[in-house]
Structure formats: structure tokens, C-alpha cells
Amino acid sequence: MGLFSFKQELAIDLGTANTVILKDGKIVLDEPSVVAFDLRTNEVLAVGTKAREMYEKGHAFIHTVRPLKDGVIADFNAAEQMIRGMVKQINKKSHRLFSPALKMVVSIPSGSTEVETRAVHDSSEHAGGRDVYMLYEPMAAAIGIGVDVLAPEGNMIVDIGGGTTEIAVISYGGIATKQSIRVAGDVLTNDIVEYMRRTHNVRIGERTAEEIKIKVGSALKELDNPPEDFLVTGADQMDTLPRQIPVNYSEIASCLDVSIKKMEDAILKTLEETPPELYGDVVERGINLTGGGALLRGLDKRFSDRFGIKFIVPEDPLHAVAKGTSEALKNTDSFNFLIR
């Protein structure tokens, strides 16, 4: 039947760094949000991982694009082509003869403007979506980690993605108070690029900075189980000769400090605006920390010490939004907070 079925339901976590697509509750695609074009023909050369391999390494006729910036679509055409290409990849794996009609639920930042929301909706429709719903990322993250979002109790989520940090207190299927700031994983990566240039006089690219963040990234200057120093290879800014610099977690914690403080300020503002009864629930239950940023060493401890409230990192914080979007796809009739 799969060869001839004309309807397909997909949940899409359209992230600045990665796009995750789920079908029937299972992840069928998890790849970087990148698309590569041939400038001579304007045709799509690759999407996802293959396009990421070309990023910052292509020749004059290869143009790689990250269609999303700060959690929202910055390049409408590239976003449409990327979604279309990723859906094609899924259908190649399932050996379908025809392009099916798509029902989609797509996650978006809670601070999206009407224009930005429309851009996601239109890109999804142009990529084949016949029935498109959208869902705010903190709500999706809460659903994804098993929170009963329809319950009267208050639950607080801090979701640190690639483009935005989403903070929300959720109760009765709605968002009581929220903050969405454009300080997240990409900003932390850029902090590392600038730090290496300024402190070590070495030029590195985005991919190397991302690797540094994964290997020795930390929110605290002192850790109980510190990672080993990471050897970074880059070009000296003075003579462009290669240099190798050992980098430790403590200096990366220093270079990320300003951006993490901005996250703390947004969390504080959300707590200040939270109604007293919901605030009591948050203190009692703790705050859930999701997204790729939740994996930064020591971040949960730093936040817990700063606010006196326990921050909890769930089992798979990276895919919390994707899993919640998938759950919403099964409940489009009963989840009245979905956006059409």
C-alpha cells in the first residue's frame, strides 16, 4: 500500500541548526538545515548533511545557504527547496511512486511575528503541505518530555535551540508568560569564533567552533568531571600559517559568560511575570531545560544556583521539540492551541 498511498503525515522541527522530521512517531530524518545550489543553473545540489559538507568549503559555483536565522526563515526560496528536498529523501527511502498529500505540524519560535509565521506556513505549503499546522516550540518541548500541557498546574520550559532560546510557563493548554530571545546555540558558536580570533589570533570557521563547543564547551569555570583540552587547528591572522592551540573548558566558559547571562536575564524576566500560583508550581516542580543548549556542561547547575530552583535536563533534550511536534500531529483535533 505504501507505493500508492496518497496521504502522508509529517511532524517537522524546523530548526536553525538542524531539521528533524518524524513519521509515525519515529525520526526519519535528522540533518543540518542547509541547502546547496549550483549558481550556474540555480538547481539544488544537495540538502542536509551533504549540503553541510559543502558549507564553507565549496567552489565559486556552489552556494550553500542556511535558510533559517534566529529561528525564523531568512530565505523563503531556500527554505522551500530545503523542505521539499528533505521530504523527497524520506519518500526515496519508502519507495513511493507518487508524491503524497502532506499533513504537517511544524514547530516555530514563540516570539515569531505574523509575517514570520506566514513565511513558515507558505514555505511548508509550497513544499507540498496540504494541511499545515504550527506549534510554538516551548509548547512542543513540554509535550515532548511528557508534560501534561492541558493540566491546571504550571510547568516552565527553557528550550535553547540554534537560533532562539524559548522560555515559557505553560498551564491549561496555553502559555501564561513567555520570552523568546535570539541568543542561543549559534550565538555561542560565534562567541567562540571571536574568542579564538581575539585571544589566540587564530581564524577558525563555524564548524570548528561548533566542535570546540561540543568537546570543551562549559557554562562553569570549574567542573567536577572536566573534559580534556581540545587541540584546535587554525590559520594565524598575521601570516596565515597553520597553528595548533590547546583550548580548555575554563576559557570557553569565560568566553560564553556574557551570552549565558543574557539567557539568565530572560529567565528572570519570565519568572517575574509569572502569576504567583503558577510560580509556586514552578518552584515545586522545577524548570525543564531542553534543546541542544541543555547539553552544555554545567548549564543546569549554573541556572539552579542562580535562581534557587532545580533545573532538570530530560533524557533526550535535543529531540524534545521534535517529539512534541510528532505528538501534536496525532492530536490535531483536540489540541486547540495549534496554529493554522
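The residue numbers shown here count from 1 along each chain, following its written sequence. In keeping with the predicted nature of the model, local features appear solely for residues at pLDDT of at least 70, side-chain atom pairs appear and are counted solely at 80 or more, and the whole-chain, interface and lining totals rest on all residues. Calculation of side-chain values draws on the structure's entire complement of heavy atoms; hydrogens and water are dropped beforehand.

Taking an unreviewed UniProt entry as the reference, the chain is identified by name as Cell shape-determining protein MreB belonging to Porphyromonas miyakawae. UniProt positions are given in the numbering used here, feature names are shortened, and annotations may be inferred rather than shown by experiment. One UniProt comment on the chain, placed under Function (unreviewed entry), says "Forms membrane-associated dynamic filaments that are essential for cell shape determination. Acts by regulating cell wall synthesis and cell elongation, and thus cell shape. A feedback loop between cell geometry and MreB localization may maintain elongated cell shape by targeting cell wall growth to regions of negative cell wall curvature."

Caption draft 1: Looking closely at the packing of aromatic side chains. Classification of ring pairs rests on two measures: the distance between centres of Phe, Tyr or Trp rings, Trp counted by its six-membered ring, which must be within 6.5 Å, and the angle between planes, read as stacked under 30 degrees, edge-to-face over 60 and tilted in between. Applying the stated criterion across every chain yields a total of three aromatic pairs. Their ring planes at 55° and their centres at 5.3 Å tell us that phenylalanine 303 and phenylalanine 311 sit as a pair that is tilted. Phenylalanine 311 carries the same exposure label as phenylalanine 303, and that label is buried. Members of the aromatic cluster, joined through ring pairs, are Phe303, Phe307 and Phe311. Over the ring of tyrosine 136 we find lysine 178, and its NZ or CZ is 5.1 Å from the ring centre. Relative accessibility under 20% of the residue-type maximum defines a buried residue, over 50% an exposed one, and the middle range a partly exposed one, all with a 1.4 Å probe and only protein chains included. We call a charge positioned over a ring when the NZ of a Lys or the CZ of an Arg lies within 6 Å of the ring centre and within 35 degrees of the ring normal.

Caption draft 2: The arrangement of the packing of helix H4 (residues 137-144) against helix H10 (residues 320-330) in detail. Each axis is a line fitted through C-alpha atoms, taken for helices only over the stretch in contact, and angles between the N-to-C directions span 0 to 180 degrees. Where helices and strands are cited, they refer to DSSP runs of H or I of at least four residues and of E of at least two residues respectively, numbered from the N terminus. At their nearest, the axes of H4 and H10 sit 6 Å apart, and the two run at 85° to each other. As the angle between them shows, H4 and H10 are arranged roughly perpendicular. Contacts from Glu137, Ala140, Ala141, Ile143 and Gly144 in H4 reach Ala320, Val321, Lys323, Gly324, Thr325 and Glu327 in H10. Side-chain classes follow a simple rule in which Ala, Val, Leu, Ile, Met, Phe, Trp, Tyr, Cys and Pro form the nonpolar group, Asp, Glu, Lys and Arg form the charged group, and the remainder, Gly included, forms the polar group. Residue classes in the contact of H4 with H10 are distributed as five nonpolar, three polar and three charged. Any angle between 65 and 115 degrees counts as roughly perpendicular, while under 35 counts as roughly parallel, over 145 as roughly antiparallel, and the rest as oblique. Contact definition: two residues touch when any of their heavy atoms are within 4.5 Å.

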